[in-house]
Amino acid sequence: MKRFVYAIALVATMFFASSCEETIFEKEGDWDPIELDKTHVNFPPEGGQNTVSALNYSRWWISGGYEIIRIADQKIDSDYIHASSSDGEEAYTFDILDGGWYHVMVPDKGKSNTIIITVDPIGDGGQPREAIINMTVGDAFANISIAQN
C-alpha cells in the first residue's frame, strides 16, 4: 500500500512540475501586440491635448520618446528621453514623459490603458514638429507618432 501511495505522489509531483514549467515558459515572451485606437495624432500650431488607448490591455507604461528633426530632406532622431514616475524613481510606474514641447501622462499613476498627450503651442514662425512615443506592456511594444503643423 505504501508503494501505491508513493507512486501516486510521484506521478502527481511530476505532473505538477511539468505543468508549472509549461505555464512559465509559454507566457515568457508570449505577449500579444498592443492594439491602439490610433497610432498617429496631429496637433494644430496652437497645441492641444489628445488621448490614445490600448484596446487589448488594461494597463501600460511609457518607455520613452524622441523628437524627429528634419534637416533638408533627412529625418534625424533626437536624443531618447526616458519616462519617469510620478511617485518618484522607486515607484517604477513610468507614467510621465516630458519631451520639452510634448508631454505624455498615463492617468491614475499608471493604472490606465490610456495616455494623455499634451502639445505646447509652436509660436510665431515655428517649424512643424514630430515625435515618437514608445509604450510597453510586458514584452509587447507600440509606437505612437505625433505631429504638429
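Residues numbered from 1 in each chain as written. Predicted model: local features only at pLDDT ≥ 70, side-chain atom pairs only at ≥ 80, totals over all residues. Heavy atoms only, no water.

### So, the sheet that holds strand E6 (residues 96–98)
Sheet strands line up and pair through hydrogen bonds in the backbone, either parallel or antiparallel. Heads up, the condition is: Only strands that DSSP links by at least two bridges are regarded as paired with each other. A run of DSSP states H or I qualifies as a helix once it reaches four residues; a run of E qualifies as a strand once it reaches two. Both are numbered from the N-terminal end. To obtain each axis, a line is fitted to C-alpha atoms, and for helices this fit is confined to the stretch in contact; angles are then taken between N-to-C directions over 0 to 180 degrees.
Taken together, 4 strands build an open sheet; the order of strands is E2-E8-E7-E6 and the sheet is antiparallel. Strand pairing shows two members of the sheet lacking a second neighbour, strand E2 (48–53) and E6, which therefore form its edges. Direction aside, neighbouring strands of the sheet carry axes that sit 15° apart on average. Pairing of strand E7 (residues 102–105) with strand E8 (residues 114–119), which is carried by 4 bridges, proceeds in the antiparallel orientation. Looking at the pairing, Tyr102 lines up with Val119 of E8.

### Focus on the nonpolar core
In plain terms, the rule: Nine residue types can take part in a nonpolar core, namely buried Ala, Val, Leu, Ile, Met, Phe, Trp, Tyr and Cys, and a core is a set of them joined through side-chain atoms within 4.5 Å. Partly exposed residues are those whose accessible area sits between 20% and 50% of the maximum for their type, while under 20% is buried and over 50% is exposed, using a 1.4 Å probe and protein chains only. Contacts were defined at the residue level, with two residues in contact if any of their heavy atoms lie within 4.5 Å.
Within the largest apolar cluster, 26 residues are counted, with the highest numbers of intra-cluster contacts made by Ile34, Trp60, Ile115, Ile117, Ile133, Ile144 and Ile146. Listing elements by their share of this core, those giving two or more residues are strand E1 (40–43), E7, E8, strand E9 (129–137) and strand E10 (140–148). Among all residues touching Ile144, those that are not within four sequence positions of it are Leu36, Thr39, Val52, Trp60, Ile115, Ile117, Ala131, Ile132, Ile133 and Met135.

### Regarding the pattern of salt bridges
Under the convention used in this document: Throughout this description, the term salt bridge denotes a Lys or Arg side-chain nitrogen within 4 Å of a carboxyl oxygen of Asp or Glu.
Tallied over the full model, the rule gives 2 salt bridges. For the salt bridge of Arg70 with Glu130, the shortest nitrogen-to-oxygen distance reads 2.8 Å. Note that Arg70 is positioned in strand E3 (residues 61–71) and Glu130 in strand E9, a separation of 60 residues in sequence. Of the charged contacts in the structure, one is a salt bridge between Asp87 and Lys109, with a shortest N-O distance of 2.7 Å. Of the two residues, Asp87 is situated in the loop between strand E5 (81–82) and E6 and Lys109 in helix H2 (residues 107–110); the sequence distance between them amounts to 22 residues. Its relative accessible area of 45% is what places Asp87 among the partly exposed residues.

### Some thoughts on the packing of aromatic side chains
Rules: Only the six-membered ring of Trp is used, alongside the rings of Phe and Tyr, when aromatic pairs are assigned; centres must lie within 6.5 Å, and planes under 30 degrees apart are stacked while those over 60 apart are edge-to-face, with the rest tilted.
Per the stated rule, a full pass over the model turns up 3 aromatic pairs. Relative to Tyr57, the ring of Trp31 lies with its centre 6.2 Å away and its plane at 35°, an arrangement referred to as tilted. Residue Trp31 is located in the loop between helix H1 (2–27) and E1, and its partner Tyr57 is located in the loop between E2 and E3; the two are separated by 26 residues in the primary sequence. Look at Tyr57 and you get buried, because its relative accessible area is 16%.

### What about the pairing of E9?
For E9, the buried fraction is high: 9 of the 9 residues fall into the buried class. With burial as the criterion, each face of E9 is covered, one bearing Arg129, Ala131, Ile133, Met135 and Val137 and the other bearing Glu130, Ile132, Asn134 and Thr136. Looking at chain direction, E3 and E9 are connected through 7 bridges and run antiparallel. Residue pairing in the sheet places Gly65 in a bridge with Ile133 of E9. Sheet analysis places E9 next to E10, joined by 9 bridges and oriented antiparallel. In the sheet register, Thr136 faces E10, and the bridge partner there is Phe141. Once E9 ends, the chain turns through 2 residues before running back antiparallel as E10, passing Gly138 with a positive phi of about 55°.

### A short note on the environment of Ile34
Among the structural elements, Ile34 can be located in the loop between H1 and E1. Through-space distance from the C-alpha of Ile34 to that of Phe141 is 6.3 Å; in sequence the pair is 107 residues apart. Excluding residues within four positions of it along the chain, Ile34 makes contact with Ala54, Asn56, Tyr57, Trp60, Met135, Thr136, Val137, Ala140, Phe141 and Ala142.

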